Amino acid sequence: SVGLALCAAALVARNSGMLQNWTATLPDEAHAAVLELVERNPTPAALDALLTCAKLLSNVAQDPAKYGCLPCKSRVLQERLLSRDGGEAAVIALGFDADLGAGSFIWTAPAEPREVACRAAAIRAAHDI
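All residue numbers refer to positions counted from 1 along the written sequence of the respective chain. Restriction of local features to residues with pLDDT of at least 70 applies here, the model being predicted, together with a cutoff of 80 or more for giving and counting side-chain atom pairs; totals for whole chains, interfaces and linings are based on all residues. Values reported for side chains reflect all heavy atoms of the structure, with hydrogen atoms and water molecules removed beforehand.

1. Considerations on the pattern of salt bridges
Now for step 1: Salt bridges are defined as contacts in which a side-chain nitrogen from Lys or Arg sits within 4 Å of a carboxyl oxygen from Asp or Glu. Enumeration over the complete set of coordinates arrives at 4 salt bridges.
Now for step 2: Glutamate 79 is the salt-bridge partner of arginine 75, the closest N and O atoms lying 3.2 Å from each other. A residue pair is termed a helical-turn pair when its members lie 3 or 4 positions apart in one helix, as arginine 75 and glutamate 79 do in helix α6 (residues 75-82) at 4 residues.
Now for step 3: Among the ionic contacts, a cluster of salt bridges with common partners joins Glu36, Arg40 and Asp85. Strands are runs of DSSP state E lasting at least 2 residues, helices are runs of H or I lasting at least 4, and numbering of each runs from the N terminus.

Below you can see the structure in the form of C-alpha cells.
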C-alpha cells in the first residue's frame, strides 16, 4: 500500500546513518554500490534488492561451485536486482564479474566463505533497520 511504502521510505531516510554503519563492514566498492542501490530506487524495490544481494552472498558462502554462476536472464535476478537502478553495479561490486560470452555473472572474489557470510549478514541487517 502507499501508506506502507511511505512508512518504509521514512524509516529508510531516518535510519540512513544506521544503513551506512551496517554496510560499512563491506569492502569500499560494495559499500558504495549498496548505498547507491538503496538511494536510487523506490523503497520497496530497494528493500527487495537488499534481500537479493544478501541471498546471493549467503548462497555463495554455502557453496561457491553451485551458486557462483548467476545467469543474466534469470527472471528472479532480473526482477529483483538487475532491473533496478544500480543493480548490475551492485552485483559486480559484491564480487561477481560479468561474463558476457556466457551471459552470466561469475563469482571471482577471493573472500573466505565466513567473510562472505558476514557480508550477507551485514546487508540483511541493513535491510532490517
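2. Notes on helix α3 (residues 28-39)
Now for step 1: Across its 12 residues, α3 extends 16 Å between first and last C-alpha, which sits within 8% of the 16 Å expected from 1.5 Å per residue.
Now for step 2: Throughout this description, buried means an accessible area under 20% of the type-specific maximum (1.4 Å probe, protein chains only), exposed means over 50%, and partly exposed covers the range between. Looking at α3, one finds that the buried residues are Ala30, His31, Ala33, Val34, Leu35, Leu37 and Val38. To estimate the expected span of a helix, count its residues, drop one, and scale the result by 1.5 Å.

3. Some points on the layout of surface pockets
Now for step 1: Definitions used throughout: a 1 Å grid over protein atoms alone; a cavity as a set of points that fits a 1.4 Å probe which cannot get out; a pocket as an open set with protein on both sides within 12 Å along at least five of seven lines; a lining residue as one with an atom within 4 Å of a point. Grid points are joined across faces, edges and corners, and a volume is the space filled by probe spheres set on the points. When its volume is computed, the largest pocket comes out at roughly 220 Å³.
Now for step 2: Lining the largest pocket are 15 residues, with Leu56, Asn59, Leu70, Ser74 and Leu77 positioned closest to its centre.
Now for step 3: Ranked by residue count, the leading element in the lining of the largest pocket is helix α4 (residues 43-62), at 5 residues.
Now for step 4: Only Asp, Glu, Lys and Arg are considered charged, only Ala, Val, Leu, Ile, Met, Phe, Trp, Tyr, Cys and Pro nonpolar, and every remaining residue, Gly among them, polar. Class assignment for the residues of the lining of the largest pocket results in 9 nonpolar, 3 polar and 3 charged.

4. What about the packing of α4 against α6?
Now for step 1: Put simply, α4 and α6 touch, their axes get as near as 8 Å, and they point 125° apart. For the element pair α4 / α6, the angle class is oblique. Residues Asp48, Ala49, Thr52, Cys53 and Leu56 of α4 pack against Leu77, Arg80 and Leu81 of α6.
Now for step 2: Taken together, the residues of the contact of α4 with α6 break down into 5 nonpolar, 1 polar and 2 charged. Convention adopted: a line fitted to C-alpha atoms gives each axis, helices being fitted over their contacting stretch, and angles between N-to-C directions are expressed from 0 to 180 degrees. Note on terminology: angles under 35 degrees are roughly parallel, angles over 145 are roughly antiparallel, angles of 65 to 115 are roughly perpendicular, and the others are oblique. Two residues form a contact once any of their heavy atoms are found within 4.5 Å.

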